[in-house]
Every structure is written in structure tokens, then in C-alpha cells.
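Each chain, written out:
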Amino acid sequence: PTIYTVTPTYTRLVQKAELTRLSQTLLHVPSLHWVVVEDSPVKTSLVSELLKRSGLRYTHLCTQTPKDFKLQEGDPNWLKPRGVEQRNLALQWLRENRGPSDEGVVYFADDDNTYSLRLFEEMRFTKRVSVWPVGLVGGVRFERPLVERGQVTGFYTAWKPNRPFPMDMAGFAVSLPLLLANPAARFHLSAQRGNLESSLLQALVSIEELEPRASNCTKVLVWHTRTEKPKMKQEDALLLKGLGSDPSVEV
Ligand code: UGA
Ligand code: MN
């Protein structure tokens, strides 16, 4: 089965660095199709050129987050859900361009996380929804599904444990046939904080149906890393003097 890796992404100083790192991880994964969805009204040349040069099989899409739902400068990052309409557009693309005979699994891979190559082989043969631990998330060393006799019975998580599926986006993958069989399943922009993952999963599975991977959810193979926002104090000062760095050099 092909692994459709769906990555929402948006313009910011670290974007090219993030996408370079992720694309070079994905190059090591067999049978992978990267669906990159820009949070932008147009496909930017930065992302277009990066994809062309990447050596990956890919689909490039874009859709802008509606203004009322977009984080504003200075907003705390948790105020609004991120990447929602981008992931939904990827789901729409899959539904329009893939059919019942296509084998595949869909993984929502944010551009800033850190992925072990072993993770992709864990998810490849997903029947419905497979799950595993995520490191460095939710204010704990790792979150994970709890497994008894091969079945998920609950979750180890400290933050809002009563969410229907208290899991990070990076902690599950969904089979393509299951997504095609449930055409209304999608992420909800209106989901309460922390409930974005649940808004999709509730339409697809029950907890008992989850397929535990990574040695019954005892191995961490993905990390919810976050990249520091670079300080541009000197650049800003130089710009004021007309001495800013050459804008024709892409960073
Ligand atoms: C956590 C989860 O790991 C995300 O999967 C989830 O979307 C997010 O919370 C949420 O609650 O919405 P976090 O690290 O806080 O993630 O989010 P980001 O990494 O900042 O954003 C998730 C993805 O959306 C990234 O791939 C990012 O590039 C993209 N994004 C972010 C946009 O497309 N537009 C934005 O305005 C911001
Ligand atoms: Mn992130």
C-alpha cells in the first residue's frame, strides 16, 4: 500500500528548512506519495520548486484558512486549530482521485515533527486506524494508547483526558478505503481545543477497533518537536538603515 503523507504548511521564516528536513526523511520511505497543502491562496514558488527538486512523488495543493479562523500575529498558538482546511482539501483530493481498488494509508504529518523511518513500516498495513505513542507532547515525555491483550483500552495522557480520542495528529494513520467508505469524515474547524483529531476519528472508528502498533504502543517513533521562531532583531535594524540582507536570496 502507498502511504499518502499529508502535510499542511504555511509561509514563515523556517518553512524551507522544515520542508527540506521532512522531504529528506520521506525520500527514505518506499511507496510514498506526499500531499503538500499550503495555507495560502496560491501555490508559492518556494514550495513548488522545493517539491520539483525533492525527488518525491507528490501532489501540491493550496487553500487559505478562512480569516476568522487564522491565527493573528501575537495570538497564542493554541487559540485556533491549525492546518484544518488544508488536511480536508487533501481528503477531498484523495476521494476524487483514488478509488475502491486503491490500497493505501493516510498519515497526517505536520511539517515540524520528527519522524523515524520505522514508523512508516508500522503504519503501512493499517486495516482501519492504527495508533502509536507520540513523544514530547501534551506536557509529558510521551502520550500513548494503553493496550491490554492486543487491544486499546484507554490512553496515557495528562491533558484533557476525557477527549473522545485523546491523541495527537502524529499518533495515528487511517486506511484509504476506510476514508473512501466514509465520505463525510473530515476535520472540523469548529472543534474545541484538543478535539481536532477526535472530530475525524469519531466518524471512522471506535476505541476497541484501533490497531496498536510500535510493539503494543511501547515505542516512541515520532516526536512532536517544535521549531523556535528565529529572532530577526539585527536584520530589522539593518533594514531600517537600508542594509538588510539580499532579498533575492531565498532562505
Ligand atoms: C498540534 C498538533 O500536533 C497539530 O497536528 C494540530 O493541528 C494542532 O496542534 C492544532 O491543534 O491545530 P502544533 O505543533 O501546535 O500542533 O501546530 P503547528 O505545528 O503549528 O501546526 C500544525 C500544522 O499546520 C503544521 O504542519 C503547520 O505548518 C500547519 N499550519 C500552521 C498551517 O497550515 N497554517 C497555520 O496558520 C499554522
Ligand atoms: Mn507542530
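Above this text sits the structure in question.
Residues numbered from 1 in each chain as written. Chains lettered and ligands numbered in written order. Predicted model: local features only at pLDDT ≥ 70, side-chain atom pairs only at ≥ 80, totals over all residues. Heavy atoms only, no water.

**Student:** Could you give me a rundown of the coordination of the manganese ion (ligand 2), with the residues and numbers involved?
**Tutor:** For the manganese ion (ligand 2), every protein donor is listed as Asp112 (OD) and Asp112 (OD), and the spread of their distances is 2.2 to 2.7 Å. Relative to the assigned elements, aspartate 112 resides in the loop between strand S4 (104–108) and strand S5 (114–115). (Donors = N, O, S within 2.8 Å, 3.2 Å for Na, K, Ca; no water. Helix = DSSP H or I, 4+ residues; strand = E, 2+ residues; numbered from the N terminus.)

**Student:** Report on the side chain of arginine 124, specifying residues and quantitative values.
**Tutor:** Within the element layout of this structure, arginine 124 appears in the loop between helix H4 (117–123) and strand S6 (129–131). At 2.7 Å, the side chain of arginine 124 forms a polar contact with the backbone oxygen of proline 30. Apart from the residues within four sequence positions on either side, arginine 124 is in contact with Pro1, Ile3, Val29, Pro30, Ser31 and Val105. (Polar contact = N/O pair within 3.5 Å; in protein donor to acceptor, adjacent residues only side chain to side chain. Contact = heavy atoms within 4.5 Å.)

**Student:** So what's going on with the layout of surface pockets? Which residues, and what values?
**Tutor:** The space that makes up the second largest pocket amounts to roughly 370 Å³. Forming the boundary of the second largest pocket are 17 residues, of which Leu13, Met232, Ser245, Val249 and Val251 lie nearest the centre. Take the lining of the second largest pocket: its biggest share by element is three residues, from helix H8 (residues 233–240). A per-class count over the lining of the second largest pocket returns eight nonpolar, four polar and five charged. (1 Å grid on protein atoms, 1.4 Å probe; cavity = no way out; pocket = protein on both sides within 12 Å on 5 of 7 lines; lining within 4 Å. Points joined across faces, edges and corners; volume = space filled by probe spheres on them. Nonpolar A, V, L, I, M, F, W, Y, C, P; charged D, E, K, R; others polar.)

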